[in-house]
Structures are given as structure tokens and as C-alpha cells.
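Residue-level listing of the chains:
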Amino acid sequence: WNRRRSGEFVVISTCDCRGGGHAMRCHGRALGAPRGVTGRAKRRGSAHVRAAAGTDAEAAKRAQEVERAMNEGFTPVEDVRMRTTFPLAAVIGQEAIKTALLLGAVDPTLGGVAISGRRGTAKSVMARGLHALLPPIEVVEGSYCNADPARPNEWETGLASLINYQDGSDVPTKVKPAPFVQIPLGVTEDRLVGTVDIEESMRQGKTVFQPGLLAEAHRGVLYIDEINLLDEGISNLLLSILADGINVVEREGLSITHPCKPLLIATYNPEEGGIREHLLDRIAVTLSADMAMSFDDRVSAVDIATSFQDFRATVLSEAEEATDSTKTQVVLAREWLKDVTIGDKQVQYLVDECMRGQVQGHRAELFATRVAMAHAALGGRDSVTPEDLKKAVELVILPRATQIDAPPPDQPPPPPPPPPQDDAEENEEEENEEEEEQEEEEETEEDKEDESEQIPEEFVFDSEGVVMDENLLYLAQMQQRNQGRSGRSKNLIFSDDRGRYIKPMLPKGKVTRLAVDATMRAAAPYQASRRARSTTERKVYVEKSDMRSKKLARKAGALVIFVVDASGSMALNRMQSAKGAALRLLTDSYQSRDQVCLIPFRGDKAEVLLPPSKSIAMAKNRLDRLPCGGGSPLAHGLSTAVRVGMNALSAGEVGRCMVVCLTDGRANVTLAKSNGDPDAIAPDAPKPTQEDIRDEILDISKKVGLAGLQLLVIDTENKFVSTGFAEEIAKAAGGKYYYLPNANDATIAAATSQAIAAAKAS
């Protein structure tokens, strides 16, 4: 921008070129600035303005005038981020992702686009490049969430009274670039949805709302990089608000609602952790950027990326024509989208494809319908065509399909059966009927074409869910392969004494960790009234009702309880291997910051040799001294493990607990005898039968599963004398069973580690 007034020249620049002195001097002289009076400014997160004038006072005055003009609605024609972002039109390959992004630009309420891919696959480049293609938006002046002047029923709370709006009255508006808001990984709920403005609340003496990132992103782009690493609670809240299209804030004396309909673009790297299926299901299009590229395309990608780093202006100018053309196409498509229609037969086709692909839920049909309509509008059509339906299946339904198989090899069709030997009259009647049916079918097809009910001739999925097109099959396999392992995110332990501060809460009893920010927000609106009635002078007046405590969260470790059979029967079946495996597992558990517990059982009862601990040295010392011989009180060992595990879970020290039982299943001591029951230890006590001991152990095993503990049974019994009871124990508890009679310590440790890893990922 430049202005000439009274011989003065002002340059306001947001250039961030490296070593931008040369560029700025060139810009200044090209605009007619005298030597030595060129202003330079670089944008580092916020616009930084410098004015060049005769004196420092005049420069400061002119800078204030320019800033005032900007606040009054003087906005740049081209946002600086758009001029420094790699253009989407210059990206080599990735046609499916670029199409999905353009469809999102046409219909921001599409449902969002998620891009998965490993490092260096242009995920963020494409997401940011879309911003330059979005047209500017007209907003109500004074709105903090970019309210649409044409939709007063969606305005935020209090905007109508702020501008004195009545039905039919004029609305003050201004035009601004479409916003681009990025959600940081460490974002808090307050920053996301909005909170109390402490400074304004203290100044005005009432609660004042401070908008969050969702308000800023309305009618623009909401970008989340590494969404798989975003906090689980934040991601659930975010997608819930985007699905509703409105943000409702009810907290700390506030009752605010404002629209929230941005285009969601999310990227993630599956190697850094999977993304939950619940989140993927709520995003319309999920594609992979790891598609194979040809040799020529990879060379072209290197050339264009190098040129953009060294000669950014040249690359932007070369892609300017394509960018302007696409921008115009998006603007026209938004208008055409209002008139696009889709027929009932076409919707039925999309539903049929979902059923053939065994897609779960109904969001796929809804998203596919909007994608088909947006694709038709992007092509300048007022009705959906078979091409649009196929694109919707490719972008929405195919990545969600649970049944993806390769087509069978081509086989020659069977020979036609011989014609029946019928009378000539019957043949003539059948031929006449066939001609009439053909005429009716032709008329029906003409009616369908007139009604614009065109559907593809073939389904993408056959009746058994097999993808018939080899290219689409490869695309679907790559997309599902790069989605990463889905499931629950890492468990967290919530407390009020240790961990990371995630949100404030009303205290329950004594406040151990004071949330200063939330306490100040609660007290801010009452400062004026409290200061008026107070007899002492303070800077801030805080009462007990304003107190808020911190809700903290930390990563939940796992407790691994080793229940080791140290009886005489076990000593005959590779006890040394069991000890070695336990030592290996203890080392691995220590390295993963989990806790370990050791419970050997021998003689008449089990004992907690090592309480839940992280000390590997103590565990090694006690396990090396583990004695052998005596009876096999398996029931008491399992019951002791259940008690220790439940105590650890209830105390909030661990998030999950696994019991690893190393036994041969030959129990011969009842639980009553282990607990010291007088009737069981009396000299004349009846000897329990083997059937009673089995039933007792199976009953305890069921309680292991009901208590939320995971059981892994490693059977080291000799197969020739095997009873198979160890496997029954695992089935009763709903756990896993490994039969490793002759395995060494490394094999046993590997099997156990695999089961523990699977339990943590589930």
C-alpha cells in the first residue's frame, strides 16, 4: 500500500523475504520513494508497520493514521499469507486430495477433509494452499465471528442490539479475506471455545466474552496439523461443535451462542500414532498422500520446490493464471451449488454402494450426497451426473469400506444353453412380448434421462463387496493402510495434585492447586462493586466463591502382576525359563515406566514378594532368591493378584492392569486352606477333591475379568501329562493363552510382551 500526501511517502509492507533489504529497496524505488526514505517491515506472526518520513515524530504520526485507517475497514487486497504460501496449482500429483479440497472450498459445510501421510508428502502445503483460492467474505461490522449479513438468524448473541438492527434495516458491512485459523496441539478449552475477558470485565464491571479460535474461523478454514496428537477431550468437543454448526458457551456467568461453520482441514502422520475411528467417521473425506509417484513427477516436484525457495515471485507469477482461474471457478460453483439437484435414484445408488462396501453408520451416505452435489457445481452443472456419483464413491465411501477384496481372475463365460424345442406359435408370442418389454424399457430410460436420474452403469462394489476397478482398489488399500492403528488414545489419570493442567473446575473441599486464571475470570465482573463497599484498598478482590481448582491429567502407566508358580510341579517344568522370562519382562516394563508386581505361590499360600514398584534392582534381587517346592495354591495366587490390581486401579496410580500367570495348571491347595480357615486346616479336615479345586479356580478366574484385569496364562506343562486346565483358566477370565512347554526365557518374554502391547493398544 502506498499513499502520497503533502510530499510525504509511506510504505507499509508485510514482506518476509530472506534478506529482504534488496527487495524492499526495489519496491520503495519502484513506488517513487526517495533514497534513504524506504520503510521496511516484516511479518512475524503479526503485521509490523514502519513509516518512513522526515522526522521520527512525523513517522509516528503517520503510522497512527494508517493503523486508524486499517481499523476503520482499510484492508489489504491480498493477504500476505496468500502471497507467501506455495500455490495449490503448482503441487505435483495428489489429484484426489486437490479435488477434495476444492470441493470443500465450494461447500464449506461439506464435513471436512483429513489428509494422512508420512513426512514430506505436502500435506500442510496443500492445506495452506487452499486458502489462496477462497474468495473474500462480507461480514457484519462489529461482529467477532464474521457474521453473514444475509443470515441475521445466525448472528451471535447481542450483535443485533449492538448495531440497532431491525427487520428490513440496513446492516453495516465490510469485506475481509476469508480467515485461516490453525489449532495448536496444546490448545485449551478456554482458547478454543472462548472465555471471560478479564481486563474488560474488570473495567466495565460486568462479564465480557472473549471469543475463541472457533469464532475467528467461522466462514473460513480451520486447520489442525497432527490431529492424531490432539487431546482426546478437545478433539471430541471440536468435532461436536462443527457438526452442530453453533458454539454454545455456558460458563462463569456467560450465556453466549455464535455460529461456527468453517471448513475443517486436518492432517496427520500415521507413523506418529493412529487416529480413532470415531474421529475419522465424523470427517467427510479422508485421503492418503502416500500414493506412488512416477519418476518424472518426483523430479518435477523437486524442481518446483527448489524454485519456490529461491525464486518465490517467479513461481507465484507462473501459477497466478491457474490460481485466478480456479478462484473464479470456486466463486461460480458456490452460486451454482444453490441450484444443484440430485434425484432419488441417485441417492439410492449411493446407499447401495455403502451397503455393498459394508460401511458402518449412515454418515457416509450423507457426506457422499453433498460431495456429489459439490462436484456437479464445480463442473458447472445444475444436476448430478454419473461422474459426480463415482467421484463421491471414490472420496467418501471407498475409504470407509470394510470389505475390500481384489476382483477374481477373468474367466470365459459359460456356453449358452441350447434353445428349447417349442412350437412356432409360442416362439412368436414370446418374441412379441420381448419387443413390448424392450419398448417399455426404452421409454422408462428416456423418462429417467428427462428426470436427470442418471446413475453409473456399473457399481464400484459388486454384490460381495469386491472392488472391481484395479485403480480404485489400489487407492482404497493405500488409504486404509495409512490411516494407522485406530483405537482408544493413551489413557490418562485425572487428579488435583499431579499432572498437566487441562481445565479449571469447582473445588470439592480444600483447594490444593489454585487455578489462578479461572479464579480471576470469576472475580473480574465484581471488582467495581467490591471495591465500592470495601474498607481496605486492594488491587484485586477475590472471595471464596471465586476459587477454582485445577484439573490435572497425567499419562497412565500399566501394572504388570507376575503370578509365578513356584511349586514342586512347576520346578520340574522349566522354572529357570520362567524366571528368565520374568526378568526380561521386568526390564521392559521398567523402560516403559510401568509398574511391576511379583506374587509367587508355593506351599500353602501366595505372598506379595514385590509390591507394585518401578525398582528393577529390587525386583531382580527378589526374583533371583525365589524358592521352589511345596504345594500349588493357584487359587490364592490369583485372588491375591485380583486384590492388588483392584487396589492399584482404585488408587488412580495406573490406568490398566495385566496379570501374567506362569503355571502348569496343577493346583492342589484350596483357597480356604490358604486363608487359614480352621475347618480347612484341622487335622481331621476332609481332603478336597480335584473337581472342587477346579471349580474354585475357575470362579476366581471369572472374577479377574469382571474386575477389569487382563489375564495372560503361559502354560509350561508337558504335553504328555497335560490336563489342559491352564487353557480353561484363560477362557474363564476372557484372557489369552500360550502353550510354551519347551520354550526358553526369550520366547516366553516375547509372547508376554506381545500380549501386553496388544492390551495397551486395545
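Our structure's up above, just so we're on the same page.
Throughout what follows, the structure given in this document is the object of discussion. The structure presented is a predicted model; accordingly, all values stated were derived computationally and were not measured.

### Points about helix α15 (residues 344–356)
Okay, step 1: Along its 13 residues, α15 runs 18 Å from first to last C-alpha, staying within 8% of the 18 Å computed at 1.5 Å per residue.
Okay, step 2: Each element contacted by the buried residues of α15 is listed here: α16 (363–378) and α17 (386–400).
Okay, step 3: Where α15 ends, the next residue or the one after it, Gln358, has phi of about 55°, a positive value.

### A word on the packing of aromatic side chains
Okay, step 1: On inspection of all chains with the given rule, the structure shows four aromatic pairs.
Okay, step 2: Between Phe180 and Tyr223 the ring centres are 5.9 Å apart and the planes differ by 35°, which places this aromatic pair in the tilted class. Taken together, the residues Phe180 in strand β6 (residues 180–183) and Tyr223 in strand β9 (residues 221–225) connect sequence positions 43 residues apart. When sorted by exposure, Phe180 lands in the same class as Tyr223, which is buried.
Okay, step 3: It is Lys550 that lies over the ring of Tyr501; its NZ or CZ is 5.1 Å from the centre.

### Looking at the sheet that holds strand β14 (residues 492–495)
Okay, step 1: Reading across the sheet, the three strands line up as β14-β16-β15 and stay open at both edges, with antiparallel pairing between neighbours. Edge positions in the sheet fall to β14 and β15 (500–505), since each has one partner strand and no second. Adjacent strand axes in the sheet meet at a mean angle of 30°, parallel and antiparallel pairs treated alike.
Okay, step 2: Note: β14 against strand β16 (residues 549–555), four bridges, orientation antiparallel. Bridging across to β16, Leu492 finds its partner in Lys555.

### Side note on the pattern of salt bridges
Okay, step 1: The full count for this structure, using the stated rule, is 23 salt bridges.
Okay, step 2: Of the charged contacts, one joins Arg370 and Asp107 as a salt bridge, the two residues approaching to 3.0 Å between their closest N and O atoms. In this pair, Arg370 is assigned in helix α16 and Asp107 in the loop between α4 (95–106) and β3 (113–116), connecting sequence segments 263 residues apart.
Okay, step 3: The exposure class of Arg370 is partly exposed, given its relative accessible area of 36%.

### Quick notes on the nonpolar core
Okay, step 1: Residues Leu101, Ile265, Val285, Leu350, Val371 and Leu395 are the most contacted members of the largest nonpolar core, which totals 58 residues.
Okay, step 2: In terms of residues, this core owes the most to one element, α16, which gives nine residues.
Okay, step 3: If we skip the residues at most four places from it in the chain, Ile265 touches Leu101, Val113, Ala127, Leu130, Val221, Leu222, Tyr223 and Ile224.
Okay, step 4: Judged by nonpolar contacts, the second largest core, of 33 residues, contains Cys661, Leu671, Ile697 and Leu711.

### Some details on the sheet that holds β6
Okay, step 1: What the five strands build is an open sheet, ordered β6-β9-β12-β3-β13; its pairing is parallel. Lying at the two open borders of the sheet, with one neighbouring strand each, are β6 and β13 (285–288). Each strand of the sheet is rotated relative to its neighbour by a mean of 20°, with strand direction disregarded.
Okay, step 2: Relative to strand β12 (residues 263–268), β9 runs parallel, the two being bridged by five bridges. In the sheet register, Leu222 faces β12, and the bridge partner there is Leu264.
Okay, step 3: Strands β3, β12 and β13 of the sheet are contacted by α4, whose axis makes an angle of about 155° with β13.

### So, the packing of α4 against α17
Okay, step 1: Contact pair α4 / α17: the axes reach a minimum separation of 11 Å and the direction vectors enclose 100°. Considered as vectors, α4 and α17 are oriented roughly perpendicular to each other. Along the contact surface, α4 presents Ala96, Thr99, Ala100 and Leu103, while α17 presents Lys391, Glu394 and Leu395.
Okay, step 2: Partitioned by chemical class, the residues of the contact of α4 with α17 number four nonpolar, one polar and two charged.

The rules behind each value
- Residues numbered from 1 in each chain as written.
- Predicted model: local features only at pLDDT ≥ 70, side-chain atom pairs only at ≥ 80, totals over all residues.
- Heavy atoms only, no water.
- Helix = DSSP H or I, 4+ residues; strand = E, 2+ residues; numbered from the N terminus.
- Expected span 1.5 Å × (residues − 1).
- Contact = heavy atoms within 4.5 Å.
- Phe/Tyr/Trp six-rings, centres within 6.5 Å; stacked < 30°, edge-to-face > 60°.
- Buried < 20%, exposed > 50% of the residue type's maximum accessible area, 1.4 Å probe, protein only.
- Lys NZ or Arg CZ within 6 Å of the ring centre and 35° of its normal.
- Pairing = 2+ DSSP bridges.
- Axes fitted to C-alpha atoms, helices over the stretch in contact; angles between N-to-C directions.
- Salt bridge = Lys/Arg side-chain N within 4 Å of Asp/Glu carboxyl O.
- Core = buried A, V, L, I, M, F, W, Y, C linked by side-chain atoms within 4.5 Å.
- Parallel < 35°, antiparallel > 145°, perpendicular 65-115°, else oblique.
- Nonpolar A, V, L, I, M, F, W, Y, C, P; charged D, E, K, R; others polar.

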